[in-house]
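# Secondary and tertiary structure notes
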Amino acid sequence: MGMNLLLIGCGAYQVPVIDEAHKLGAKVFALDGDKDAIGLKNADYSEVCDIKNLGEIEEVAIRLNSKFNISGCMTLGVECPESVGFINDLLGLQGVGRYQAIEMVNKISRYENLNDYGIRTPKYQVSAKYIKENWNIYPCVVKPMEGSAAAGVKYIENKFQLQDEEFDIVEEYIEGHELSTESIVLTQQLYMTYINDRNYEKKFKYKPYMIEDGFQMPSTIDQTIRAKVHTTIGKIIKCFQLEKCILKCDLIVKDNIVYVIECTPRLSGGKWCSHVITPSTGVEIVNIAVRMALGLPVYPKELIPTKNTAYAQRYVFSDRPIKSHRDRGISFECTGKTIKEAIENAQKKVNDELQQSLQTMQKAT
């Protein structure tokens, strides 16, 4: 029957998965809750369903598997690792299982597991009633238990602000060098990590929401910090016993200490893995992730960067309210001879887009 990939979530960011699967000769069976999701039109088979409703995706997966024999399951940039893990367990597919996914995606389970393994995280607390009466670390950050794109994440400056908020967890706010990492994990001993510097120059422009304005890579961290980041990633891999998967992390480095803010077993969104890692490093990360999901061989030498090209991403911000990363406009990813030049090129694209939009509005009026 050939290879058949079940793709959970298939919006615009997921189209590269479909393209890479087709290059490998695989057919793509795409699921999304939005009937207008772009990827539904690109896939070989598509179905609209609630991709976080395990009952719904179980019915679809069993039906598709009995007819087509599903070879692998994955996502890109969608916070649904539990659904992917559930399908992997259900159909006996390669990759992270449901239990592993839950332990990583649920913020409390994640922090408890990391702390038990000696990995640093922000100080945190749950139970809103207890927190509002006893929390005394300011500034701090409140978050929902699960989610992505910084939805529901707010910066809190004092106890009076905290009393008015609804949240599941509170964390100490750590000011430091913010990084995103993407790791290809073949075994617990064999993995490669790629690092960018997150750009939070606009972090407090939209308070209480903390909004990232893209990134740049390669990271400017020195070799000492880089070694600590790699050590931390290795500990996370062993903590959750990861193999044959992708590990996405958000980290903060302060006073030479690496703190883990997020770790999840999936490819990142925001165009980093799909549009930047490959031209910057030469590593075909989406292709590799698809092959791992399908159970195809991946060789260690494929994980080694062959390039170190500077890239930067910047977003166009409109005048509408900005409450999460989903509220940002389009982004531009640009290269340059240096990181500074790459940033300048991306910002110029943003400025040109804003100017063009302004001219269009003026003509319309």
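Before reading further, recall that the structure is shown in the block above.
Now for a description of the structure that goes with this document. Predicted model, so just to flag it, every value in this text is computed and none were measured.

## Let's talk about the pairing of strand β14 (residues 310-315)
- Burial of β14 is extensive: six of the six residues sit out of reach of the surface.
- Side chains Ala310, Ala312 and Arg314 project from β14 onto one buried face, and the interleaved Tyr311, Gln313 and Tyr315 project onto a second face that is buried too.
- Relative to β14, strand β11 (residues 215-217) is paired through three bridges, and the arrangement is antiparallel. Bridge pairing in β14 links Gln216 to Ala312.
- Strand direction decides the pairing type here: β14 and strand β15 (residues 331-336), joined by six bridges, are antiparallel.

## Brief notes about the sheet that holds strand β5 (residues 124-126)
- The strand order across the open sheet built from four strands is β5-β8-β6-β7, with neighbouring strands paired in antiparallel fashion. What marks the edges here is a single partner per strand, and that holds for β5 and β7 (154-156). On average, each strand axis in the sheet is inclined to that of its neighbour by 25°, with strand direction left out of account.
- As judged from the three bridges shared by strand β6 (residues 140-143) and β7, these two strands associate in the antiparallel manner. For Val142, the partnering residue across the bridge sits in β7 and is Lys154.
- On the sheet, helix α6 (residues 107-116) packs against β5, β6 and β8 (169-172) and is oriented at approximately 135° with respect to β5.

## Here's the deal with the packing of aromatic side chains
- Enumeration according to the criterion identifies nine aromatic pairs in this entry.
- Through pairs of rings, three or more aromatic residues link up here, namely Phe29, Tyr45 and Phe68.
- A cation over a ring is seen here: Lys203 above Tyr200, with NZ or CZ 4.9 Å from the ring centre.
- Note that Arg328 overlies the ring of Tyr315, its terminal NZ or CZ placed 3.8 Å from the centroid.

## Looking at the pairing of β8
- Alternating residues of β8 divide into Ile169 and Glu171 and Val170 and Glu172, and every residue in both groups is buried.
- For β5 and β8, the ladder comprises three bridges, and the chain directions are antiparallel. What sits directly across from Gln125, in β8, is Val170.
- As judged from the four bridges shared by β6 and β8, these two strands associate in the antiparallel manner. Its bridge partner being in β8, Cys140 is matched across the sheet by Glu172.

About the criteria used
Starting from 1, residues in each chain are numbered consecutively following that chain's sequence as written. pLDDT decides what is reported in this predicted model: residues at 70 or higher carry local features, side-chain atom pairs at 80 or more are listed and counted, and totals for whole chains, interfaces and linings draw on all residues regardless. The side-chain quantities take in all heavy atoms of the structure and omit both hydrogens and water. Note on classification: 1.4 Å probe, protein chains only; a residue is buried when its accessible area is under 20% of the maximum for its type, exposed when over 50%, partly exposed between these limits. Secondary structure elements follow DSSP: runs of H or I of four or more residues count as helices, runs of E of two or more count as strands, with numbering from the N terminus. When DSSP finds two or more bridges between two strands, those strands count as paired. Note on geometry: axes are C-alpha line fits, over the in-contact stretch for helices, and angles between N-to-C directions span 0 to 180 degrees. In this analysis, two residues are considered to be in contact whenever any of their non-hydrogen atoms come within 4.5 Å of each other. Planes of paired rings set the category: under 30 degrees apart is stacked, over 60 is edge-to-face and the rest tilted, where pairs are Phe, Tyr or Trp rings (Trp by its six-membered ring) whose centres lie within 6.5 Å. Any Lys NZ or Arg CZ that is within 6 Å of a ring centre and within 35 degrees of that ring's normal is treated as a charge sitting over the ring.

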